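# What the coordinates show
Read off the chains here:
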Amino acid sequence: MSNLDDPKSNHQHVESTPTEPTAPPVADVENQANSATAPTSGFGFGGAAAIVQRWRREDLIKKAALALRALALIFSLLAFIIMASNKHGDWKNFDRYDEYRYLLAIAILSTLYSLAQALRHVHELSTGRHLIQVQQRTSGLFDFFGDQIMAYLLISATSAAIPLTNNMREGVDNIFTDSSAAAISMGFFAFVSLALSAMISGYKISTQSYI
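These numbers were taken from a predicted model, which means no experiment stands behind them. Each chain carries its own residue numbering, running from 1 in the written order of its sequence. This being a predicted model, a pLDDT of at least 70 is required before a residue's local features are given, and a value of 80 or more before pairs of side-chain atoms are given or counted; all residues contribute to the totals for chains, interfaces and linings. Each side-chain value is worked out from all heavy atoms of the structure, with water and hydrogens disregarded.

### Looking at the overall build of the protein chain
Within the protein chain, the secondary structure is distributed over 5 helices and 0 strands. For the purposes of this entry, the term helix denotes a DSSP run of H or I that reaches at least four residues, the term strand denotes a run of E that reaches at least two, and both are numbered from the N terminus. Listing every helix and strand of the protein chain by position from the N terminus yields α-α-α-α-α. Think of it in three bands: residues with accessible area under 20% of the maximum for their type are buried, residues over 50% are exposed, and the middle band is partly exposed, with areas taken using a 1.4 Å probe on protein chains only. Relative to its full complement of 211 residues, the protein chain shows a buried share of 29%. Sequence separation of 24 or more characterises 77% of the internal contacts of the protein chain that already satisfy a separation of 6 or more. For every accessible area listed, the method is Shrake-Rupley and the probe measures 1.4 Å; residues are considered covered only by the protein chains on display. As displayed, the protein chain has an accessible area near 13,700 Å², and 65% of this comes from carbon and sulfur atoms. We call two residues contacting when some pair of their heavy atoms lies within 4.5 Å.

What follows is the structure, given as structure tokens:
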């Protein structure tokens, strides 16, 4: 019989036929290479600009936090000095009233806290290193909760002293009541400064990178 009648012979003949490989077009390869490298260069420039912008923003935030702590230090110190010197004899002595003693104690505590924080921030800005070697997250949490606690204490002390001062000024208005009102005002301004500082500390914690 002939090969045409043999199906096995035809199958072997078909399988033995070689197929030539086809090379990809040169133009397509070049287009793929260009499309792969183009985003990389663009990302490099954009990433560098974003990093520089982030450094500037962080530097501005640090300076703003230092300025607010300096203001809190000044206002707390003024509240302490004004209230401590508010002694004019008889009933016009601040130490006769619990509310004024409470305000004086919180003003002293706020002065010491703001001074320590201001010195720490000045050291970090001038040297670029932390005064106490702790993690950045731990430092941010300490600032956030410390500012909040001191702000709450200040508003508590001023709120306690306001009704007493108002009652006194209804009967008589003299240097004692004026000095008390001035100390309360300084305590309130210190509260505002630390409250704003706490907001900045919270923003820093929310935008921190832990990579």
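On we go.
### Re unusual backbone geometry
The backbone of Asp90 shows a phi angle near 60°, a positive value even though the residue is not glycine. Turning to its location among the elements, Asp90 is positioned in the loop between helix H2 (26–84) and helix H3 (98–127).

### Some thoughts on the packing of H3 against helix H5 (residues 175–206)
To obtain an axis, a line is fitted to C-alpha atoms, over the contacting stretch when the element is a helix, and the angle between two such axes runs from 0 to 180 degrees between their N-to-C directions. The geometry of H3 relative to H5 is characterised by a closest axis approach of 11 Å and an angle of 40° between their N-to-C directions. Taken together, the axes of H3 and H5 lie oblique to each other. Here the hand of the crossing between H3 and H5 comes out left-handed. Contact residues: H3 offers Tyr100, Leu103, Ser110, Tyr113, Ser114 and His121, while H5 offers Phe176, Ser180, Ala183, Ile184, Leu194 and Lys204. Orientation labels follow simple angle bins: below 35 degrees gives roughly parallel, above 145 gives roughly antiparallel, 65 to 115 gives roughly perpendicular, and whatever is left gives oblique. A clockwise turn of the near helix away from the far one marks a right-handed crossing, whereas an anticlockwise turn of less than a right angle marks a left-handed crossing.

### A word on the pattern of salt bridges
Criterion for a salt bridge: a side-chain nitrogen of Lys or Arg within 4 Å of a carboxyl oxygen of Asp or Glu. Scanning all chains against the criterion turns up 7 salt bridges. For Asp147, the salt bridge goes to Arg69, with nearest N and O atoms at 2.7 Å. Residue Asp147 is located in helix H4 (residues 136–171), and its partner Arg69 is located in helix H2; the two are separated by 78 residues in the primary sequence. Salt-bridge contacts for Lys87 lead to Asp95; the nearest nitrogen and oxygen are separated by 3.5 Å. By relative accessible area, which is 33% here, Asp95 ends up partly exposed.

### Side note on the confidence of the model for the protein chain
Scored by pLDDT, the protein chain has a mean of 78; 67% of the residues are at 70 or more. Every residue in residues 7–17 scores below 50 in pLDDT, and together they form 3 contacts with partners more than four places removed in sequence or on other chains. Values of pLDDT, which run from 0 to 100, indicate the predictor's confidence residue by residue. Note that residues 33–43 has pLDDT below 50 and, in this model, 0 contacts with residues that lie over four places away or in other chains.

### A closer look at the UniProt feature "transmembrane region" (unreviewed entry) in the protein chain
As annotated in UniProt, the feature "transmembrane region" (unreviewed entry) corresponds to residues 64–82, 102–119, 140–162 and 182–203 in the numbering used here. Between the first and last C-alpha atoms of residues 64–82 the distance is 27 Å; the span itself is 100% helix and 0% strand. Across residues 182–203 one finds 100% helix and 0% strand; the C-alpha atoms that close the span lie 32 Å apart. UniProt positions are given in the numbering used here, feature names are shortened, and annotations may be inferred rather than shown by experiment.

### Details of a nonpolar patch on the surface
On the surface, Phe188, Phe189, Val192, Leu196 and Met199 cluster together into a nonpolar patch covering about 450 Å² of accessible area. Here Val192 is to be found in helix H5. The patch calculation keeps residues exceeding 30% relative accessible area without a salt bridge and links them within 9 Å when they carry like charges or within 5 Å when they are nonpolar (Val, Leu, Ile, Met, Phe, Trp, Tyr).

### Things to note about the packing of aromatic side chains
Ring pairs shown here join Phe, Tyr and Trp side chains whose ring centres sit within 6.5 Å, with only the six-membered ring taken for Trp; geometry is labelled stacked below 30 degrees between planes, edge-to-face above 60, and tilted in between. The final tally for this structure, using the stated rule, is 8 aromatic pairs. A ring pair is formed by Phe75 and Phe189, whose centres lie 5.4 Å apart and whose planes are at 45°; its orientation type is tilted. Here Phe75 is found in helix H2, whereas its partner Phe189 is found in helix H5, with 114 residues between them in sequence. Under the relative-accessibility criterion, Phe189 is labelled partly exposed at 38%. Centroid distance Phe188 to Phe191: 5.9 Å. Interplanar angle 40°. Geometry classified as tilted.

### Description of the nonpolar core
Nine residue types can take part in a nonpolar core, namely buried Ala, Val, Leu, Ile, Met, Phe, Trp, Tyr and Cys, and a core is a set of them joined through side-chain atoms within 4.5 Å. In this structure, Met83, Tyr97, Tyr100, Leu103, Leu154, Met168 and Leu194 are the most contacted members of the largest nonpolar core, which totals 22 residues. Of all the elements in the fold, those that place two or more residues in this core are H2, H3, H4 and H5. With 7 residues, H4 is the largest single contributor of residues to this core. Each residue touching Leu154, except ones within four places of it in the same chain, is listed here: Ile106, Ser110, Gly187, Ala190, Phe191 and Leu194.

### Some thoughts on the environment of Lys87
Position of Lys87 among the secondary structure elements: in the loop between H2 and H3. We classify Lys87 as partly exposed; its relative accessible area is 47%. Between the C-alpha atom of Lys87 and that of Ile175, which follows or precedes it by 88 residues, the distance is 9.7 Å. Sequence-distant contacts of Lys87, that is, excluding residues within four places in its chain, are made with Lys92, Asn93, Phe94 and Asp95.

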